[in-house]
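# Commentary on secondary and tertiary structure
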Amino acid sequence: MDSNWKRIIISAPGKVILHGEHAVVYKEPAIAASLDLRSYLCVEKRNDDKVSVQFPDVKLAASWNIQDLKKLSILKCDPLEPQPLSEELLSSLREFTQQKKDTTDPKDLAILAFLYLYTAIQSKEGELSPLDFKLMSQLPVGAGLGSSASLSVCLSAALLTVHSVIEQPCYTDGDKVIFGQWSALHLETINKLAHQAEKIMHGNPSGIDNSVATYGGAIRFQGGNIQKIDRIPELRILLTNTKVPRSTKALVADVRKKYDKYPEIFRPVMESFRAVTEKALETYRMMSRDSINVTTDLYSVLEDLVDINQNLLKLIGVSNSTLEQICQLTSDYGLHTKLTGAGRGGCAITLLRPDTDPVRVEEVQDKLRSCGFDCWKTGVGGPGVVTHFILTQNEQALLKDLITVL
Ligand SMILES: Nc1ncnc2c1ncn2[C@@H]1O[C@H](COP(=O)(O)OP(=O)(O)OP(=O)(O)O)[C@@H](O)[C@H]1O
Ligand SMILES: C[C@@](O)(CCO)CC(=O)[O-]
Ligand SMILES: [Mg+2]
C-alpha cells in the first residue's frame, strides 16, 4: 500500500444461515446470506512504536509495545506469507496475554484473535507496524449473526492491505464509486486468513461465516467449497434476538461429542439436514425462474423446510425453551421460524411471504418485543468486505465516534 496512507476504513457484513448450520461442520451443504448489518474497522498509523485496539462492544481498550510482541519467539521469517494458526502459536499468545486455556470471555477471545492476526502478517522488511484499530459493529456479539467472522474478515483485509500482501482496490478521483472491492484472488487470501482467526473464536469452524462476510450475497457452502447463488428470490425475513448469550465454540463442541457417541443416529440426521438444504435450493431456483408468478405453493414448501429444519436442530440439542417460545408465538400468527447460527440462544429467523399482511407482521413484532426480545425486519444479500473511499451520510453518522476528523 502507498506509504503515505493515513487511514483506511473497511467493513464486512454479518450473516444469516438459512439452512444447514451445524451439519456444515460435518461437510454437508449449507445456505447463508449476508445481512445488512456490518462491522466497520478504522485503521490509522501511529507515530510511536505501539499497536492499539478499541473494541467497545467487548469493553476492550488496550495497547502493546511492538518490541514486546516481537519477542514472541514463534514469529516466522517469511513476512509475506501469513502464518497459519498453530497450537504452539496460540499457547505463546495465551502466555503473553496471561489468559487461561479455556477462556470464553469475549474480550479474551477478541484479544487473541487480534494478536494472532497482527503478528501473522508483517511488512516486506519483516516488521510489525505501529497502528491504531477501532471497531464499530452493528452486529450483536455472540448472537448467531456472524459477529466474529465480520471482525476477523475486517482485520484480515486491513492487515493484508496495510502490509501490501494484497493491493488496496483503486479509486480514481471523480469516480462515483464510494467503496472498493478486492479481486477474487485477494478475497481468497482474506478469507483464508480470517478462517484461521475464526478457529480462535469457534474451535472448529466450517468457514461458512467468514466466507459470507468476505464474498457477501448468498452462498452455498460445502466442505470449503463456495458457490455464489445468483438466483435467490428476494426473501423477507424477521430477525429475533433472544438476547440469551451462548458460545458457538461450546455448542459446536457439544454436538461433536454427541455425534461421536451416537454416530449411527447422528449420521442420518446430518443427511436429513443435507436434504433440507438441497430442497430449499431447488425451491429458490424454481421461484426465481418464475419470479412473476411465484406460486404460494413454493412458499409453503419453504415454510415446511423451515419447520423441518428447526425440528432437526432441536433433535441435535441446539434449540432451547426461548427459541421454542419464539417458534410457537410466530406460529400463532401463521408464520414459520427456525434458529439461525449455533443456537441455544442467539437469533431466530421468521420467513415472511410477499403476501403476508404487514399489519400482522407489526402485531407479531409487538408481541415478540413485549416478551423482551429484539426484533426487526431485515434485508439479505449485500456486499461482502469492502474498503470505503467515501462515507455515506448514514455511515458518517454511524462512525462519528470512531473517526475524529472526517
Ligand atoms: N464487535 C466486536 N468486538 C470485539 N470482539 C467481537 C465483536 N464481535 C465479535 N467479537 C468476538 O467474537 C466472539 C463471538 O463469536 P461467536 O462466534 O461466539 O458469536 P457470533 O459470531 O456472533 O455468532 P455465530 O458464530 O454463531 O454466527 C466474541 O466473544 C468476541 O471475542
Ligand atoms: C454452528 C455453525 O454451523 C454456524 C455458526 O454460525 C458453526 C460453523 O459452521 O462454523
Ligand atoms: Mg462466530
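Residues numbered from 1 in each chain as written. Chains lettered and ligands numbered in written order. Predicted model: local features only at pLDDT ≥ 70, side-chain atom pairs only at ≥ 80, totals over all residues. Heavy atoms only, no water.

This is how the line gets drawn: UniProt positions are given in the numbering used here, feature names are shortened, and annotations may be inferred rather than shown by experiment.
The name given to the protein chain in an unreviewed UniProt entry is Mevalonate kinase, with Potamilus streckersoni as the source organism. Quoted verbatim from the Subcellular location (unreviewed entry) field of the UniProt record, the comment on the protein chain reads "Cytoplasm". As stated in UniProt under Pathway (unreviewed entry), the record for the protein chain gives "Isoprenoid biosynthesis; isopentenyl diphosphate biosynthesis via mevalonate pathway; isopentenyl diphosphate from (R)-mevalonate: step 1/3."

## Observations regarding the packing of helix α3 (residues 106–120) against helix α5 (residues 184–202)
Applicable threshold: What counts as an axis is a line fitted to C-alpha atoms, over the stretch in contact for a helix, and the angles between N-to-C directions run from 0 to 180 degrees. By the criteria applied, helices consist of DSSP H or I runs no shorter than four residues and strands consist of E runs no shorter than two, each listed in order from the N terminus. These descriptions rest on fixed angle ranges, namely under 35 degrees for roughly parallel, over 145 for roughly antiparallel, 65 to 115 for roughly perpendicular, and the rest for oblique. A crossing counts as left-handed when the near helix is turned anticlockwise from the far one by less than a right angle, and as right-handed when that turn is clockwise. Contacts were defined at the residue level, with two residues in contact if any of their heavy atoms lie within 4.5 Å. As a working rule, the residues Ala, Val, Leu, Ile, Met, Phe, Trp, Tyr, Cys and Pro are called nonpolar, Asp, Glu, Lys and Arg charged, and the rest polar, with Gly in that last group.
Here α3 crosses α5 at 150°, and the two axes come no closer than 9 Å. On the basis of the axis angle, α3 is roughly antiparallel to α5. As α3 packs across α5, the resulting crossing turns out to be right-handed. Between α3 and α5, the residues in contact are L109, L112, A113, Y116 and L117 and L193, Q196, A197, I200 and M201, respectively. Across the contact of α3 with α5, the residue classes tally to 9 nonpolar, 1 polar and no charged.

## Details of the coordination of the magnesium ion (ligand 3)
Quick note on the threshold: Coordination shells were defined by N, O and S atoms within 2.8 Å of each metal, extended to 3.2 Å for Na, K and Ca; water is absent from the atom set, which can make sites look incomplete.
Coordination of the magnesium ion (ligand 3) by the protein is provided by S148 (OG) and H202 (NE2), with metal-donor distances spanning 2.1 to 2.3 Å. One end of the pair, S148, is in helix α4 (residues 147–162); the other, H202, is in helix α5, with 54 residues separating them in the sequence.

## Considerations on the sheet that holds strand β10 (residues 336–340)
The following threshold applies: Here the rule is simple: two strands pair whenever DSSP picks up at least two bridges between them.
Strand order across the open sheet formed by 4 strands is β10-β11-β9-β12, with antiparallel pairing between neighbours. For this open sheet the edge positions go to β10 and β12 (374–378), each flanked by a neighbour on one side alone. Each strand of the sheet is rotated relative to its neighbour by a mean of 25°, with strand direction disregarded. Strand direction decides the pairing type here: β10 and strand β11 (residues 347–352), joined by 5 bridges, are antiparallel. Each residue of the ladder has a partner; that of K338, found in β11, is I349.

## Description of a nonpolar patch on the surface
This is how the line gets drawn: Within this analysis, patches are made of residues with over 30% relative accessible area and no salt bridge. Like charges are joined at 9 Å or less; nonpolar side chains (Val, Leu, Ile, Met, Phe, Trp, Tyr) at 5 Å or less. Accessible surface is estimated by sampling points in the Shrake-Rupley manner with a 1.4 Å probe; for residues, cover comes only from the protein chains shown. The rule for a salt bridge is simple: a side-chain nitrogen of Lys or Arg has to be within 4 Å of a carboxyl oxygen of Asp or Glu. The classification of residues rests on relative accessible area computed with a 1.4 Å probe and restricted to protein chains. Under 20% of the type maximum is buried, over 50% is exposed, and intermediate values are partly exposed.
Where nonpolar side chains cluster on the molecular surface, the patch consists of Y171, V177 and I390 and spans about 220 Å² of accessible area. Relative to the helices and strands, V177 is located in the loop between α4 and β6 (179–180). We classify V177 as partly exposed; its relative accessible area is 38%.

## Brief notes about the environment of L93
Tracing the backbone shows L93 in helix α2 (residues 87–97). Accessibility expressed as a relative area gives 0% for L93, which makes it buried. In this structure the C-alpha to C-alpha distance between L93 and L235, which are 142 residues apart in sequence, comes to 42 Å. Apart from the residues lying within four places of it in its own chain, the contact partners of L93 are L72, L112, L115, Y116 and T119.

## Section: the domain arrangement of the protein chain
For the record, the criterion: Segmentation of the chain into domains, including their bounds, is taken from an automatic or database domain assignment. Note: buried area is the sum, over both parts, of the accessible area (probe 1.4 Å) each one loses when the two are combined.
Parsing the protein chain into structural domains produces domain 1 (7–225 + 383–398) and domain 2 (233–380). Put simply, the middle of domain 1 and the middle of domain 2, counted by C-alpha atoms, are 27 Å apart. Listed per partner, the contact involves 31 residues of domain 1 and 41 residues of domain 2. Buried area between domain 1 and domain 2, summed over both chains or domains, comes out near 2,900 Å², and the portion from carbon and sulfur atoms is 61%. Looking at the side of domain 1 facing domain 2, the largest losses of area belong to H19, H22 and Y26, adding up to 25% of the total buried there. At the surface where domain 1 touches domain 2, the tally comes to 4 salt bridges. A salt bridge links E28 to R274; the nearest nitrogen and oxygen atoms lie 2.7 Å apart. Looking at the side of domain 1 that touches domain 2 element by element, the count peaks at 7 residues for strand β2 (residues 30–45). Its residues assigned to classes, the side of domain 1 that touches domain 2 shows 17 nonpolar, 9 polar and 5 charged.

## Regarding the site of ligand 1
For clarity, the threshold we go by: Any residue with at least one heavy atom within 4 Å of a molecule or strand is counted as near it. Counting of polar contacts relies on pairs of N or O atoms within 3.5 Å, with two restrictions inside protein: one atom must be capable of donating a hydrogen and the other of accepting it, and residues adjacent in sequence are counted only when both atoms are side-chain atoms.
Lining the immediate surroundings of ligand 1 are 24 residues, of which K15, P106, S147, H202 and R246 lie closest. At a separation of 2.9 Å, a nitrogen atom of ligand 1 approaches a polar side-chain atom of D57. For ligand 1, an oxygen atom lies 2.9 Å from a polar atom in the backbone of G142. When ligand 1 is considered free in solution it has 630 Å² of accessible area, and contact with the protein chains removes 97% of it.

## Observations regarding the pattern of salt bridges
Enumeration over the complete set of coordinates arrives at 17 salt bridges. In this structure, E362 engages K377 in a salt bridge whose closest nitrogen and oxygen atoms are separated by 3.5 Å. Placement of the pair is E362 in helix α11 (residues 358–370) and K377 in strand β12, with a sequence separation of 15 residues. Through salt bridges that share partners, R7, E44, D132 and K134 make up one connected network.

## What to know about the packing of aromatic side chains
Basically, it comes down to this: Stacked, tilted and edge-to-face pairs are distinguished by plane angle, under 30 degrees for stacked and over 60 for edge-to-face with tilted covering the rest, among Phe, Tyr and Trp rings (Trp via its six-membered ring) whose centres lie within 6.5 Å. Charge over a ring is defined by NZ of Lys or CZ of Arg lying within 6 Å of the ring centre and within 35 degrees of the ring normal.
In this structure the tally under the stated criterion is 7 aromatic pairs. For the ring pair F114 and F133, a centre distance of 4.9 Å and an interplane angle of 75° mean the geometry is edge-to-face. Taken together, the positions of F114 in helix α3 and F133 in strand β5 (residues 131–137) put the pair 19 residues apart, joining distant regions of the chain. When its relative accessible area of 1% is taken as the criterion, F133 is described as buried. Above the face of the Y259 ring, R256 is positioned so that its terminal group lies 5.7 Å from the ring centre.

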